[in-house]
Amino acid sequence: MHTQPDQERLNTQANQAQEPIQNKAPFLDLESSGDSLEDGRVTNLYYQRFRMMDLSFFVFNFIGTGLTVITLELIHYDEQPEARLVILWVIFISNLIMMGLALVRNQAKLKWRESKGDVFSGFTKEHVELIMEIIIIAASPLPFLDDISFYFSNDFVDGDVYYYANELLCLTLAFRVIFFIRTTLLNSYWHSNRTDRVCSLYASQADYMFTIKSLMRNQPFTVNYSAMILLIFVFGYCLRICESPLNRIDISSNDFSSYANSMWCVIVTSTTLGYGDYYTRTLLGRIVMSVVCILGNFVVSSMIVIITNESYLTTLENKVVILIDRLSLKKQMQQEAAMIITIFGRMYYAKRHLDLTEVEFIDMSKKMKKYAIQLKLTTRKYVAARALGSQLEEINSGFNSLKENLKQTSQLQEELIKANENLIYKIDNK
């Protein structure tokens, strides 16, 4: 027979069981608040939208970059001004579209983060990134600046030299490379909605740096060589622009009008060789080469570290090497022992039949002594290799036993947790 409080509790539980499902699962709503639980299907849908916006941004960035390179060549050789003006207007329109896509992309990213429970208020890091993107996009060659030039003096040549305004704006392509790298990282296996969920479980942040670290761990040579190639091409392009005013007047000493010479100068500088056959003579060129020195040292030193780490044997490979070494030493011991027995048999047979002279007998004795010494040394190496293998086996067995103890401790901990939960449940039901 139920008391009055028990009857009220049963009625409350019955009313809660009859509530609609949507009230019990608010995370099924796309516009749910950040306090709700994460639904993998919803967050993945928002992530795919964000990824699609980023790919659209990538396409227009690729078009704008290609047209800017063509425009630079037309400016450098001062050819086809009508075609150059048409290309500049196309670049201008594509930049406007890119700015709109940057806004949409940023909103898609915020929606994805909000679907995962993140709360944004005020001026955030995403807004700073958006402003930087718009500035980089806007700082591109413009049709309004086609005939504008900036004059300056230089100590290496007589008279005034000049930059075209659009020529200087072409330098922003070095920053646009960041957009290409960002899209490449975003579409890698190590940057996805699932990766973000797994990182959140381990109190980690699934950002672009995490993706770079993961790629460096699994594909170190690919990442390092790609960085070196980007360094050569991008800064060779920038160096050619920076030295173009002097190349219009004098190319006898440093011909940076050739793209190959610009890349060669970047290679020589980044690897700290510094032959001195090509050197910069403008302020912008020296700033570019200063950046090349810093980044080049970083890339080259990283390559040395990667090669050094890859040359080390793993634990299993070390076991294989020790085993092969033992087998080789064992075979060498057998050959040396066989030679000793063969020489001793010949000496014994010749001594009984008096077929050897005293000189030949002494030579065979020396040869047998030589093989005996070699056998003794080989035996010591074999014993040392066998002892090393035994030590590794003992260490591995120790790790295995420690792993088994940790597993048993974890099982015991789970049993204690379950016992505590049962005890709490019994106390609550009293």
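Here, every reference points to the structure presented above.
For the structure given in this document, a descriptive report is provided here. Keep in mind that what you see is a predicted model, and the values were worked out from it rather than measured. (Residues numbered from 1 in each chain as written. Predicted model: local features only at pLDDT ≥ 70, side-chain atom pairs only at ≥ 80, totals over all residues. Heavy atoms only, no water.)

1. A look at the overall build of the chain
On a plain count of helices and strands, the chain comes out with 15 helices and 2 strands. Every one of the 430 residues in the chain was classed for burial, and the buried ones make up 32%. Summing over all exposed atoms, the chain offers an accessible surface of approximately 28,100 Å²; the carbon and sulfur share of this is 62%. (Helix = DSSP H or I, 4+ residues; strand = E, 2+ residues; numbered from the N terminus. Buried < 20%, exposed > 50% of the residue type's maximum accessible area, 1.4 Å probe, protein only. Areas by Shrake-Rupley, 256 points an atom, 1.4 Å probe, with all protein chains shown as cover.)

2. A word on the packing of aromatic side chains
Each aromatic ring pair is described using two quantities: the centre-to-centre distance and the angle formed by the ring planes. This model, assessed by the stated rule, comprises 16 aromatic pairs. Look at Phe57 and Phe179: their rings are 5.3 Å apart centre to centre, the planes differ by 75 degrees, and that puts the pair in the edge-to-face class. Placement of the pair is Phe57 in helix H3 (residues 40–77) and Phe179 in helix H7 (residues 173–186), with a sequence separation of 122 residues. Each ring, one from Tyr189 and one from Trp190, has its centre 5.3 Å from the other, and the planes form 85 degrees; the classification is edge-to-face. Relative accessible area serves as the criterion here: at 28%, Trp190 is assigned to the partly exposed category. Taken together through their ring pairs, the aromatic side chains of Tyr47, Phe50 and Trp112 make up a single cluster. Here the guanidinium or amino end of Arg113 rests over the ring plane of Trp112, the centre of that ring lying 4.9 Å away. (Phe/Tyr/Trp six-rings, centres within 6.5 Å; stacked < 30°, edge-to-face > 60°. Lys NZ or Arg CZ within 6 Å of the ring centre and 35° of its normal.)

3. Overview of the nonpolar core
Core analysis: the biggest nonpolar cluster contains 22 residues, and Phe235, Tyr237, Leu239, Ile241, Val288 and Val292 have the highest contact counts within it. Elements represented by at least two residues in this core include exactly helix H10 (220–242), helix H12 (259–270) and helix H13 (283–310). Sorting elements by how many residues they give to this core places H10 first, with 9 residues. When near neighbours in sequence (up to four residues on either side) are disregarded, Phe235 contacts Leu230, Val266, Val288, Val291, Val292 and Leu295. (Core = buried A, V, L, I, M, F, W, Y, C linked by side-chain atoms within 4.5 Å. Contact = heavy atoms within 4.5 Å.)

4. Remarks on unusual backbone geometry
With a phi angle near 55 degrees, Ala203 is a residue other than glycine that sits in the positive phi range. Its location among the elements puts Ala203 in the loop between helix H8 (193–201) and helix H9 (208–218). Take Ala203: its relative accessible area is 76%, and that puts it in the exposed class. Within the chain, Thr272 stands out as a residue other than glycine whose phi angle is a positive 60 degrees. Inspection of the secondary structure puts Thr272 in the loop between H12 and H13. Overall, Thr272 belongs to the exposed group, its relative accessible area being 56%.

5. Side note on the pattern of salt bridges
Summed over all chains, the structure comprises 10 salt bridges. In this structure, the salt-bridge partner of Asp54 is Arg105, at a minimum N-O distance of 2.6 Å. Here the residue Asp54 occupies a position in helix H3, and Arg105 occupies one in helix H4 (residues 81–115), the gap between them amounting to 51 residues. Taking relative accessible area as the criterion, Asp54 reaches 0% and is therefore assigned buried. Given the relative accessible area of 4%, Arg105 is considered buried. The partner of Asp196 in a salt bridge is Lys116, and the shortest N-O contact between them spans 3.2 Å. (Salt bridge = Lys/Arg side-chain N within 4 Å of Asp/Glu carboxyl O.)

6. Some thoughts on the pairing of strand E1 (residues 149–153)
Direction of pairing for E1 relative to strand E2 (residues 160–164): antiparallel, over a ladder of 5 bridges. Pairing of Ser149 across the sheet is with Tyr164, part of E2. Where E1 folds back onto E2 in an antiparallel hairpin, the turn is made up of 6 residues, including Gly159, whose phi is positive at roughly 90 degrees. (Pairing = 2+ DSSP bridges.)

7. A short note on a nonpolar patch on the surface
The grouping of Phe123, Val128, Ile131, Met132 and Ile135 at the surface amounts to a nonpolar patch, some 500 Å² of accessible area in total. Considering the arrangement of structural elements, one finds Phe123 in the loop between H4 and helix H5 (125–138). (Patch = residues over 30% accessible without salt bridge, like charges linked within 9 Å, V, L, I, M, F, W, Y side chains within 5 Å.)

8. A short note on H5
End to end, H5 covers 20 Å across 14 residues, agreeing with the expected 20 Å (1.5 Å per residue, within 8%). Within H5, the full set of buried residues consists of Glu126, Leu130, Glu133, Ile136 and Ile137. On an axial view of H5, the arc spanned by its buried residues comes to 130 degrees, and they lie on one face. Where H5 is buried, its residues touch H3, H4 and H7. (Expected span 1.5 Å × (residues − 1). Arc of directions from axis to C-beta.)

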